[in-house]
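Spelled out from the first residue to the last, the chains are:
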Amino acid sequence: TMLSGALYCALGIIDDRWPLRARYKFSLQIIAALPFVILSSSIVTLHLLGMELNLGFMSVPFTIFWIVSCVNVVNLMDGMDGLATTIGLIATATLALLSLSLGQTGLAVLGFLFAASLLGFLFHNWPPARIFLGDAGSLLIGFMIAALSAGGALKTATGFVLIFPTVLLAIPIADTALAIVRRKLMGQGIGDGDRGHIHHRLQERGLSKVHSLLVISGLCIAMAAV
């Protein structure tokens, strides 16, 4: 976990300093996930809506896909002061609580420590922000969310229950999916920025940055409670 986390942070620093093309950034994200998948654990059995699927030889590719997906969901949501930090705080704290309830003390401690770090950072990242995450921060947050779930927090004795993290990240996943479709229809690259994200829409309707952040945070907390 520490090695892959460091690689994602380093990748973000490089991208912040010397912006990478989307294809190279995506390839390096896959490479950064490999230490976690190889040295920790991969998702072998998948459970969704009562169905069980043994992934077999696809366990490693699926785990990498899950990690890279979480990383990019958070990265694409990082378009407003405090947003990615708040989403990461809610998600990691929820996963830490789940880990604690399942007796996974090590993962719970890791999750709580990371959530506490994000809470401390949020005081400086709250709108108007004095310090920004950059890709170094958003990529690391996305990885930690994926690692806490794939590493055991949401794994039962029978496999990985996909519905939990999907509900927990429902708001950023929906926003990211809509952004991908929107940009494809407009002939833009997936990594190109636009003003169509949920936080942009809320501000266009008259909400301030703080109010927009509170609305999205409230939605994420509601999904975490679910």
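Every residue gets a number counted from 1 within its own chain, in the order that chain's sequence is written. Reporting in this predicted model follows two pLDDT cut-offs: at least 70 for local features of residues, and 80 or more for side-chain atom pairs to be given and counted; totals over whole chains, interfaces and linings ignore these cut-offs and use all residues. To obtain the side-chain values, all non-hydrogen atoms of the structure were included, while hydrogens and water were left out.

Here we come to the state of the cysteines. Two cysteine sulfur atoms make up a disulfide if the distance between them is within 2.5 Å. For the structure shown, the criterion picks out zero disulfides. Of the cysteine sulfurs around Cys-9, a residue in no disulfide, the closest is that of Cys-70, at 18 Å. Its sulfur unpaired, Cys-220 is 13 Å from the next cysteine sulfur, which belongs to Cys-70.

Here the focus is the layout of surface pockets. Taken as a whole, the second largest pocket holds about 160 Å³ of empty space. Only protein atoms enter the 1 Å grid used here. Points where a 1.4 Å probe fits but cannot escape make up a cavity, open sets with protein on both sides within 12 Å along at least five of seven lines make up a pocket, and a residue lines them when an atom lies within 4 Å of a point. Along its surface, the second largest pocket is lined by Thr-94, Leu-98, Ile-163, Phe-164, Val-167, Leu-168, Met-223, Ala-224, Ala-225 and Val-226. The biggest single contributor to the lining of the second largest pocket is helix α7 (residues 163-168), with four residues. Put simply, Ala, Val, Leu, Ile, Met, Phe, Trp, Tyr, Cys and Pro go in the nonpolar bin, Asp, Glu, Lys and Arg in the charged bin, and everything else, Gly too, in the polar bin. Residues that form the lining of the second largest pocket fall into these classes: nine nonpolar, one polar and no charged. Grid points are joined across faces, edges and corners, and a volume is the space filled by probe spheres set on the points. Helix numbering and strand numbering both begin at the N terminus, where a helix is a DSSP run of H or I of at least 4 residues and a strand a DSSP run of E of at least 2.

What follows is about the environment of Ile-64. Assignment of secondary structure puts Ile-64 in helix α3 (residues 59-77). Using a 1.4 Å probe on the protein chains alone, a residue whose accessible area is under 20% of its type maximum counts as buried, one over 50% counts as exposed, and one in between counts as partly exposed. Judged by its relative accessible area of 11%, Ile-64 falls in the buried class. C-alpha separation for the pair Ile-64 and Thr-92, spaced 28 residues apart in sequence, amounts to 19 Å. Here a residue-residue contact requires only that any non-hydrogen atoms of the pair lie within 4.5 Å. What Ile-64 contacts, discounting residues up to four positions off in sequence, is Ile-30, Ala-33, Leu-34 and Val-37.

Attention now goes to unusual backbone geometry. For the bond running from Pro-127 to Pro-128, omega is -5 degrees, close enough to zero to count as cis. Its place among the elements puts Pro-128 in the loop between α5 (105-125) and α6 (134-153).

So, on to helix α8 (residues 170-185). Because an α-helix completes one turn every 3.6 residues, residues spaced three or four positions apart along the sequence face the same direction. Multiplying 1.5 Å by the helix residue count minus one yields the expected span of that helix. Over its 16 residues, α8 runs 22 Å from end to end, which matches the ideal 22 Å to within 8%, given 1.5 Å per residue. Residues of α8 that are buried in the fold lie against α3, α4 (83-101), α9 (198-204) and α10 (209-225). Among the residues trailing α8, Gly-187 stands out with phi positive, at a value near 75 degrees.

Our next topic: empty space enclosed by the protein. Left-over empty space is what a probe sized like a water molecule reveals as it rolls over the atoms. In this structure the tally under the stated criterion is one cavity of 30 Å³ or more. When its volume is computed, the largest cavity comes out at roughly 30 Å³. Along the walls of the largest cavity sit Ile-87, Ile-90, Ala-91, Leu-168, Leu-169, Pro-172 and Cys-220, which together make up its complete lining. If you tally residues by element for the lining of the largest cavity, the top one is α4, at three residues. Looking at the lining of the largest cavity, its residues break down into seven nonpolar, no polar and no charged.

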